[in-house]
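One letter stands for each residue in the lines below.
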Amino acid sequence: MHKVSAIRIAVVAAMGAMTISAQAQTAQLERIEVTGSSIKRISSEGALPVQVISAKDIARSGATSVSDVLRNLPAMQGFQIADTAVGSNSGGISTANIHDIGSQYTLVLLNGRRIAPTGDGSTVNLNSIPMSAIDRIEVLTDGASALYGSDAIAGVVNFVLKKNYQGGNAVASGMVPLEGGGKSAYASLTYGIGDIDKDRFNVLMSYRHDQQQQLKATDRDFGSTAYIPFSFNGKQYIYDRTSPSAVPANVTVTARNGADGKPLFPAYAFNPYAKANGGKCADRNFSNLTNVVGVQETCGFDYANTIEIYPESKRDSLFVSGQFKVNDKLSFYSDVALSRFDLTARIAANPVPVAIPTSTDLFAKYVAPYLTANQIANLSLETDKTSPNFGKPRVTAGYRAQDFGTRDSQTITDSKHFVIGAEAELAGWIMNGGLTWSQNSIDEKYVGGYFKKAEFISMVQNNKFDPFAEAGKQTPATLQLMADSIYHGTVRNGETTLTGADFRASRELYKLPAGDLSLGLGVDVREQQYTNTPTADAVNGVIYNFAAPNKFDVKRKSGGVFGELLIPVIKNLELTAALRYDSIKKTDNAVTGKSVGEDLSATTYKISGRYQVIPQVLMRGSYGTGFKAPDMLTLAAPLVPNGVTAASFDCPFPGTSACQPTKRQYTQLLGGNELVKPEKSEQMAFGIRFEPNASFGIGADYYNVYITDAISGVSAAQAFADPAKFASLFTTYQQPAEDKPYYAFKSVSTNIGRSKNSGIDWDMVGRTNLENIGRLTLGLAGTYVIESSYTLPGTSDQYTTSLSQYNDVSASVTFRNKVLATATLDTGKFTNSFTLNWKSGYKDKLADVRDVATNKLTKVAVDVPRSSTLDWQGIYRHNKAATLTVGVKNLFNREPEFTLRDSSGHQVGYDPRYGDTLQRRVYVTGGYDF
């Protein structure tokens with residue numbers, strides 16, 4: 001049975017609050033590996049905190065995706081979910097994040113091996129995991145760089161897939177939100193033939209198809225508007241996130257400069273529709289809270305009710321594995337995992353500036369009646385030399401292209417993962433080695449609401465549509481022109497390919513009085529390549545107002561060797577010491593034909609121990625170091641001009657020839673930094689478990705992770721304030737209009753940040769037999785976060801925190817407490833389960849709102865209350881083959897909590913990462929074994 005790593009499952013079996021796998025508690029004599037160690041051991045021994053979620057636990061949770069399974073674990077916080085694809089261009093990626101230390105610090109494995117990440121870094125998209133093939137999920141909540149190398153600072157999530165499976169299993173399920181919208185369904189088929197022990201072979205195939213319907217913003221009251229009246233501390237406020245690009249359009253009137261270089265009249269903005277209708281804005285528009293008569297009299301478009309809360313998607317996954325046992329000492333295996341995730345996200349229609357020349361009927365009808373003669377006579381002139389109206393007076397309409405439709409992007413993510421390997425026993429050594437080829441590719445398409453540049457500009461220049469008409473009131477001819485102007489096609493293709501080889505071996509060296517002295521050794525090498533290729537349409541300006549993504553082709557090789565020694569010191573006391581050396585080669589940039597950076601290396605270690613004080617009490621602890629190699633683009637992204645600094649500065653190095661003559665804005669360059677080094681960490685953990693009998697268990701594990709040399713950005717203001725400290729961020733650059741090179745600021749990453757994270761994972765479980773009723777199991781588990789702080793970008797000593805508060809730097813919250821409670825009553829053919837998910841409240845983002853009483857803008861940070869959802873599930877076992885499951889998620893129909901945050905997607909008034917947007921929903925699942 002192939003599984004990389006080892007912390008023994010029986011100790012962790014008491015993590016019953018997550019309804020931890022009952023099978024993990026069964027005494028097993030087979031020597032196996034579990035996440036966290038390379039030494040194969042009998043699974044009844046354990047020293048590190050591993051949480052195990054079995055396939056049965058997954059089914060009991062009612063989760064329909066891997067992301068749903070992990071997001072309810074108390075130790076998981078700060079992850080990314082598919083919902084945020086609405087406006088974040090994420091493609092629906094879902095991630096794992098242990099203790100909110102960062103997704104980039106959580107290593108995700110499939111059967112103990114790395115899989116291709118998304119992009120140039122290390123973050124794995126959980127949508128690539130074949131859910132129906134999962135046998136269990138092992139979550140190591142302690143750093144493991146000494147075994148796995150880079151990226152395991154926070155811990156490891158290992159998805160262990162089914163093996164040696166005989167027979168078939170068919171499952172079909174459907175879920176219906178009772179509030180409407182967002183229906184989902186899936187069907188899976190798993191079949192295996194051969195018994196590896198009896199027949200010397202096994203072949204397993206598992207296929208699953210998932211379908212998720214769109215949930216529109218208008219399907220839920222909490223997400224249907226960007227103009228939100230609310231009360232807080234006895235006062236009434238209005239939170240306005242409406243857009244100044246409106247339909248009907250707003251108009252901005254600006255003047256030419258006079259002889260003194262100043263505008264001949266102040267800028268003026270207004271909404272012609274509202275002017276013509278007594279100040280009342282059109283449907284889906286609100287009067288702007290910052291309006292001042294004669295200066296700004298505009299309407300804000302309520303885009304939030306045109307988008308979606310939850311995007312539609314389809315997922316297909318296939319897992320095939322084969323095992324062949326030559327003899328008792330040698331066997332071969334192969335795994336193939338394929339998946340396709342097809343997600344379409346819809347955001348508000350394009351905001352478009354439209355020039356309105358004074359010679360048009362539109363100007364005469366909608367603009368001129370509200371301007372003075374002086375304003376009309378001194379309007380600013382068209383500056384676009386490609387326009388037929390170049391040099392002529394005009395005003396600008398801020399138009400929301402609602403009649404062109406929402407902007408729809410379809411992202412198709414294909415994941416392919418192939419492994420071939422062998423296991424052998426020779427001269428007392430238990431060996432395992434394999435070859436891996438893994439790839440994650442993305443095809444990003446625009447399928448609605450984005451314009452073809454030539455067609456759209458022609459419509460604008462020839463006034464073929466009326467930007468001042470209400471939505472839905474364009475002429476049929478105009479609507480046809482709009483439909484013809486929509487772009488359909490791919491804008492970029494991204495691909496990450498990982499190839500690797502690994503070999504591990506372990507054996508018992510000596511029989512000591514207290515037990516076996518055991519050694520584990522291992523080596524792994526890999527190459528990772530990331531390419532991002534914009535299409536010809538993207539590069540050649542076919543799409544209106546679209547900046548083509550950069551072309552990348554970067555590649556890097558790395559490898560490591562490690563050793564692990566298990567030392568039984570005295571009876572019931574053992575120590576484990578692990579040491580690893582990693583080498584990370586330069587990043588090859590195929591676009592420039594150069595290698596970037598320098599060869600990097602890291603040595604990490606870990607010492608852990610367990611002490612069985614008495615049979616009922618176990619104490620364990622660990623101390624170690626970790627590292628994370630910088631992402632390839634952090635090193636190798638090309639340095640390109642990115643405008644100028646926002647402010648003017650004095651010369652950073654006075655007296656040199658590259659100084660500007662006076663205090664000026666300096667050129668700003670954006671790109672990678674080949675001087676960036678690996679991030680480093682120190683972590684420690686300590687835990688205690690008490691299991692007086694088979695009916696009760698309780699335990700807690702303290703974690704503490706300190707990261708230094710964290711990769712952080714430095715602002716221009718920071719660099720110019722202390723140029724000697726940040727000398728590496730200055731270079732020289734000559735703009736085309738300049739006569740010589742001047743200093744330029746490089747806006748790149750550097751090793752300067754730090755972070756501190758600590759907390760306690762705790763759990764308890766109790767089991768009892770109720771006479772004439774059945775067996776009752778109660779579980780309670782949680783994570784209490786003590787500290788979650790990190791330095792402000794560009795600083796090494798100015799700390800901020802996201803603990804119990806929304807933080808603008810990370811745009812996220814770390815919850816002080818997350819708790820999961822379960823109650824399961826098994827009465828033979830029937831099983832009933834209740835699951836409670838609870839998390840503490842937090843202080844929200846400080847946001848600009850209107851005080852209704854004073855009619856003035858002010859800043860408010862609301863208190864987001866603690867939240868909880870309760871789920872129920874009932875299982876009926878008709879016989880050994882057929883089961884029927886009925887469940888209700890979010891039994892009390894709790895809405896997401898109200899928040900004023902303005903990040904992670906376009907949704908307004910709630911945070912889809914932390915709330916249940918689908919609300920109460922019923923699901924029915926049927927399963928049949930054959």
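Preceding block: the structure.
Residues numbered from 1 in each chain as written. Predicted model: local features only at pLDDT ≥ 70, side-chain atom pairs only at ≥ 80, totals over all residues. Heavy atoms only, no water.

Caption draft 1: The overall build of the chain, seen in detail. Tallying secondary structure elements over the chain gives 13 helices and 51 strands in all. Relative to a compact globule of 930 residues, whose C-alpha radius of gyration would be 30 Å, the chain shows 30 Å and is just as compact. For the C-alpha atoms alone, the extent of the chain along its principal axes is close to 100 × 70 × 50 Å. Taking the intrachain contacts of the chain between residues at least 6 apart in sequence as the baseline, contacts between residues at least 24 apart amount to 72%. Here the chain has roughly 38,000 Å² of accessible surface; of this, 55% comes from carbon and sulfur atoms. Averaging the positions of the 92 positive and the 87 negative side-chain charges in the chain gives two centres separated by 1 Å. (Helix = DSSP H or I, 4+ residues; strand = E, 2+ residues; numbered from the N terminus. Rg over C-alpha atoms; globule rule 2.2 N^0.38 Å. Contact = heavy atoms within 4.5 Å. Areas by Shrake-Rupley, 256 points an atom, 1.4 Å probe, with all protein chains shown as cover. Lys, Arg positive; Asp, Glu negative; His and termini not counted. Charge placed at Lys NZ, Arg CZ, Asp CG, Glu CD.)

Caption draft 2: Focus on empty space enclosed by the protein. Here the structure, examined in full by the defined rule, presents 16 cavities of 30 Å³ or more. When its volume is computed, the largest cavity comes out at roughly 680 Å³. Every residue lining the largest cavity is counted, 41 residues in all, and those nearest its centre are Arg71, Asn72, Gly915, Asp916 and Arg921. Elements with a contribution of two residues or more to the lining of the largest cavity: helix H3 (66–71), strand E43 (817–826), strand E44 (830–839) and strand E49 (867–877). (1 Å grid on protein atoms, 1.4 Å probe; cavity = no way out; pocket = protein on both sides within 12 Å on 5 of 7 lines; lining within 4 Å. Points joined across faces, edges and corners; volume = space filled by probe spheres on them.)

Caption draft 3: View of the pairing of strand E50 (residues 882–889). The sheet contact formed by E49 and E50 spans six bridges and is antiparallel. Counterpart to Gln873 in the pairing with E50 is Gly887. Where E49 folds back on E50, the antiparallel hairpin that results is connected by four residues. Relative to strand E51 (residues 921–929), E50 runs antiparallel, the two being bridged by eight bridges. Residue Thr883 lies in a different strand from E51, and its bridge partner there is Gly927. (Pairing = 2+ DSSP bridges.)

Caption draft 4: Quick look at a nonpolar patch on the surface. Nonpolar side chains collect at one region of the surface, where Leu189, Tyr191, Ile193, Phe201, Val203, Met205, Tyr207, Phe324, Phe332, Tyr928 and Phe930 lie side by side and expose about 990 Å² of accessible area between them. For the nonpolar patch, the elements supplying multiple residues, two or more each, are strand E9 (184–193) and strand E10 (201–212). No other element matches the four residues that E10 contributes to the nonpolar patch. Along the chain, Phe201 turns up in strand E10. (Patch = residues over 30% accessible without salt bridge, like charges linked within 9 Å, V, L, I, M, F, W, Y side chains within 5 Å. Salt bridge = Lys/Arg side-chain N within 4 Å of Asp/Glu carboxyl O.)

Caption draft 5: Examining helix H10 (residues 476–485) more closely. Of the positions making up H10, those classed as buried are Thr478, Met482 and Ser485. One face of H10 carries all of its buried residues, which in axial projection span an arc of 65°. Residues of H10 that are exposed and point more than 90 degrees away from the buried face comprise Pro476 and Ala477. (Buried < 20%, exposed > 50% of the residue type's maximum accessible area, 1.4 Å probe, protein only. Arc of directions from axis to C-beta.)

Caption draft 6: Just the sheet that holds strand E47 (residues 856–860), in detail. Read across the open sheet, the four strands follow the order E12-E13-E46-E47; overall the sheet is antiparallel. Whereas interior strands pair on both sides, the edge strands pair on one side only; in this sheet they are strand E12 (227–232) and E47. The sheet shows a mean angle of 40° between the axes of neighbouring strands, direction not considered. Relative to strand E46 (residues 847–851), strand E13 (residues 235–240) is paired through two bridges, and the arrangement is antiparallel. Residue Tyr237 lies in a different strand from E46, and its bridge partner there is Asp851. (Axes fitted to C-alpha atoms, helices over the stretch in contact; angles between N-to-C directions.)

Caption draft 7: Summary view of the state of the cysteines. Applying the stated rule across the entire model yields two disulfides. Each sulfur in the disulfide pair Cys281 and Cys299 lies 2.0 Å from the other. Where Cys281 bonds to Cys299 through sulfur, the torsion about that S-S bond is close to -90°, and the disulfide is left-handed. In this pair, Cys281 sits in the loop between helix H6 (272–276) and strand E16 (285–287) while Cys299 sits in strand E18 (residues 299–301), placing the two residues 18 residues apart along the sequence. (Disulfide = S-S within 2.5 Å.)

Caption draft 8: Highlighting the packing of aromatic side chains. By the definition in use, this model includes 31 aromatic pairs. Measuring from ring centre to ring centre gives 6.0 Å for Phe451 and Tyr544, while their planes differ by 40°; the resulting arrangement is tilted. Placement of Phe451 in the loop between strand E25 (429–448) and helix H9 (453–461) and of Tyr544 in the loop between helix H11 (536–539) and strand E28 (552–570) is noted, with a sequence separation of 93 residues between them. For the pair formed by Phe451 and Tyr544, the shared burial category is buried. (Phe/Tyr/Trp six-rings, centres within 6.5 Å; stacked < 30°, edge-to-face > 60°.)

Caption draft 9: Fine view of the environment of Thr383. With respect to the secondary-structure elements, Thr383 resides in the loop between helix H8 (373–377) and strand E23 (394–400). With a relative accessible area of 60%, Thr383 lands in the exposed category. Here the alpha-carbon distance between Thr383 and Glu527, two residues 144 residues apart in the chain, equals 50 Å.

Caption draft 10: Local environment of the environment of Lys663. Here Lys663 shows up in the loop between strand E34 (640–644) and strand E35 (667–670). Once the C-alpha coordinates of Lys663 and Ser648 are considered, the two residues, 15 residues apart in sequence, prove to be 5.9 Å apart. Those residues in contact with Lys663 that lie beyond four places of it in its chain are Ser648, Phe649 and Asp650.

Caption draft 11: Main features of unusual backbone geometry. Between Val247 and Pro248 the backbone carries a cis peptide bond, its omega angle lying at 0°. Tracing the chain through its elements places Pro248 in the loop between E13 and strand E14 (250–253). Although it is not a glycine, Asp100 sits at a positive phi angle of roughly 60°. On the accessibility criterion, Asp100 (12% relative accessible area) is buried. Here Ser804, not a glycine, exhibits a phi torsion of approximately 60°, which is positive. Relative to the assigned elements, Ser804 resides in the loop between strand E42 (799–801) and E43. Here Ser804 falls in the partly exposed class, since its relative accessible area comes to 22%.

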